[in-house]
Amino acid sequence: MRVRANRFLLWLLGWSACSAISPAVIQAQQVIDRIVVVVGDLIILQSDLNFQLQLYLAQTGQKPQDPSQLKALKNQLLDQMINDRLILAQAEKDTNLNVTPKEVEVALEEHLQRIRSQFASEEEFLQQLAQEGLSVRELKIKYKPDERSQLLKEKLISHKLGKVNVSSKEVR
């Protein structure tokens, strides 16, 4: 009987604590990010899609004129991201594909060199990193998984296309 009374008191205490949260507090909670798509074990977040959109717009200099153009562009980018994740998922499953840490390091250095080349000087590059709150080391850490994924996808595509034979007759 005493155990039931204790359970009831614990339940009552928990219920009263939960009911003490006002609706204003619940409404004040804000969604920070959300999952847009799940591709196998990989996810695409709204923030990932928004980042790709901003990157695309910055690289192309495009400015969508109306919401329908922006939505179409987002859908196109999302399709590309889904295809990218599907290729990556397939590449990660393929046990014949292997990416060494050395290959990742070389690809990472090449990527950083391409980024550096967009600045007038090394000092300007480092200043930009500082403005973004990053060091070169942190930038490498940030890009390393992406470089590994890119290498895996490239190896999968090369592996699959390496098996394709096209005769000169088929070319005509």
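Reading the values: rules and limits
- Residues numbered from 1 in each chain as written.
- Predicted model: local features only at pLDDT ≥ 70, side-chain atom pairs only at ≥ 80, totals over all residues.
- Heavy atoms only, no water.
- pLDDT = per-residue confidence, 0-100.
- Helix = DSSP H or I, 4+ residues; strand = E, 2+ residues; numbered from the N terminus.
- Contact = heavy atoms within 4.5 Å.
- Patch = residues over 30% accessible without salt bridge, like charges linked within 9 Å, V, L, I, M, F, W, Y side chains within 5 Å.
- Areas by Shrake-Rupley, 256 points an atom, 1.4 Å probe, with all protein chains shown as cover.
- Salt bridge = Lys/Arg side-chain N within 4 Å of Asp/Glu carboxyl O.
- Buried < 20%, exposed > 50% of the residue type's maximum accessible area, 1.4 Å probe, protein only.

**Overview of the confidence of the model for the protein**
Close inspection of predicted coordinates is inappropriate for parts of the model with low pLDDT.
Part 1: In the predicted model, the protein carries a mean pLDDT of 82, and 83% of its residues have values of at least 70.
Part 2: When mean pLDDT is compared element by element in the protein, helix α5 (residues 101-116) scores highest at 93, while helix α1 (residues 2-19) scores lowest at 46.
Part 3: Here residues 2-6 is modelled with pLDDT under 50, and outside its nearest four sequence neighbours on either side it reaches 0 contacts, counting other chains as well.
Part 4: Note that pLDDT drops below 50 for residues 8-22; the model gives that stretch 1 contact with residues more than four away or on any other chain.

**Remarks on a nonpolar patch on the surface**
Part 1: Together, Ile35, Val38 and Ile43 line one region of the surface with nonpolar side chains, adding up to about 260 Å² of accessible area.
Part 2: Within the secondary structure, isoleucine 35 is located in strand β1 (residues 35-39).
Part 3: The exposure class of isoleucine 35 is partly exposed, given its relative accessible area of 47%.

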